[in-house]
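Residues per chain are reported as follows:
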Amino acid sequence: MDDLLITVAPTGAETAKADCPQLPTTPEEVARTAAECEAAGAAMIHIHVRDASHQPTLDQSLLREWVAAVRESSSLIIQLSTGGSVHDPLDERLRVLDAEPDSCSLTMGTTNFGDDVFLNPWPFVKDLYQLALERGVAPEFELFDLGQVHALGRLIRQYGTPAGGKVHVDFVMGVPGGMPGTAPALVAGVAALPPEVTSWSATGIGRSTLSVAMASLSMGGHLRVGMEDVLTISRGVPVESNAQLVERAVDLGRIAQRTPMKPAQCRELLGLAPVGSDFATAQGHGLAQDMAPGGAIATSYETPR
């Protein structure tokens, strides 16, 4: 049986706590969610942070508090969102890496996001990627349309791959303004991936959750699930917890004869050093560029205007 990476995205930046009380929006809630989801079969967690009013924030102290809470409660690979909310300024989004995550999301372009615009101009993409390389943070390239798949190839040609040559991407599908959450769209996206990509997952937003998950499994891809992406477990039935969505992903994987990865396997998939190694310690302190076995390392850094 092949291994299956299940990433859980428990919170997001769009849903209000008042509308969904079961949404984890405090360090204690996300720590408990991480432990439950690891036990259910997840190996990585994609985190958006909320403040004391349950509003999205990129406050550095809260980012560090959430990272510490998850590390204390679980062994999950911690991936911080560098997207934040559609209203966060670019310079604050770059500083997300100061919270020393294992991984970060890196969306490969600007996307119409419902009635809003999720802004990721090319200079910002380049700066964020170079900073991730410098810090030894494993980027997950998030792809909302085929143009962003093409942009990924352009970025890799210019700056090379992360250390170890591992390139992991996630197709985010079903967002109003992005690619549809359909099997034909996923087939087209996978066919267009640059040859340097070593693994990929897919996320179906809302009603496309199951169709995208089954299409991804049928093609050998991995899964991202969670209450950031869907709030119902079936038509009209609210999700009770993120672990419930992870459990469903495990069940789907079992049908496809796929076994959930453990966090240590996820570290290998992403090119991260094993926990406790000298290189892993360097990654956590932004020193990995001095020890990395390969990959292009940025030599300059500018905050985009």
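Look above for the structure.
What you see is a predicted model; the values in this text were computed from it and never measured. (Residues numbered from 1 in each chain as written. Predicted model: local features only at pLDDT ≥ 70, side-chain atom pairs only at ≥ 80, totals over all residues. Heavy atoms only, no water.)

A. Focus on the nonpolar core. In this structure, Ile6, Ile45, Ile47, Val70, Leu80, Leu245 and Val246 are the most contacted members of the largest nonpolar core, which totals 38 residues. Counting residues per element, this core draws most heavily on helix 8 (residues 242-255), at six residues. In this view, valine 70 contacts Val30, Ala34, Ile45, Ile47 and Ile78; residues no more than four positions away in its chain are not counted. Formed by 36 residues, the second largest nonpolar core is a distinct cluster that contains Leu90, Leu97, Cys104 and Met173. (Core = buried A, V, L, I, M, F, W, Y, C linked by side-chain atoms within 4.5 Å. Buried < 20%, exposed > 50% of the residue type's maximum accessible area, 1.4 Å probe, protein only. Helix = DSSP H or I, 4+ residues; strand = E, 2+ residues; numbered from the N terminus. Contact = heavy atoms within 4.5 Å.)

B. Molecular detail of the sheet that holds strand 11 (residues 222-225). Strand order in the closed barrel formed by eight strands is 2-3-4-5-8-9-10-11, and the pairing between neighbours is parallel. Mean inter-strand twist for the sheet, computed between neighbouring axes without regard to direction, equals 30°. On the sheet, helix 4 (residues 122-135) packs against strand 5 (103-107) and strand 8 (138-143) and is oriented at approximately 160° with respect to strand 5. Against the sheet, helix 8 touches strand 2 (6-8) and strand 11, its axis set at about 165° to strand 2. (Pairing = 2+ DSSP bridges. Axes fitted to C-alpha atoms, helices over the stretch in contact; angles between N-to-C directions.)

C. Local environment of helix 8. Here helix 8 contains 14 residues, and its C-alpha end-to-end distance of 21 Å stays within 8% of the 20 Å for a straight helix at 1.5 Å per residue. For helix 8, the complete set of buried residues consists of Asn242, Ala243, Leu245, Val246, Arg248, Ala249, Val250, Leu252 and Gly253. Glutamine 257, located one to two residues past helix 8, shows a positive phi value of around 60°. (Expected span 1.5 Å × (residues − 1).)

D. Fine view of the environment of glycine 174. Mapped onto the fold, glycine 174 is located in the loop between strand 9 (168-173) and helix 6 (183-191). The class of glycine 174 is partly exposed, set by a relative accessible area of 27%. Apart from the residues within four sequence positions on either side, glycine 174 is in contact with Met179, Pro180, Gly181, Ile205 and Ser208.

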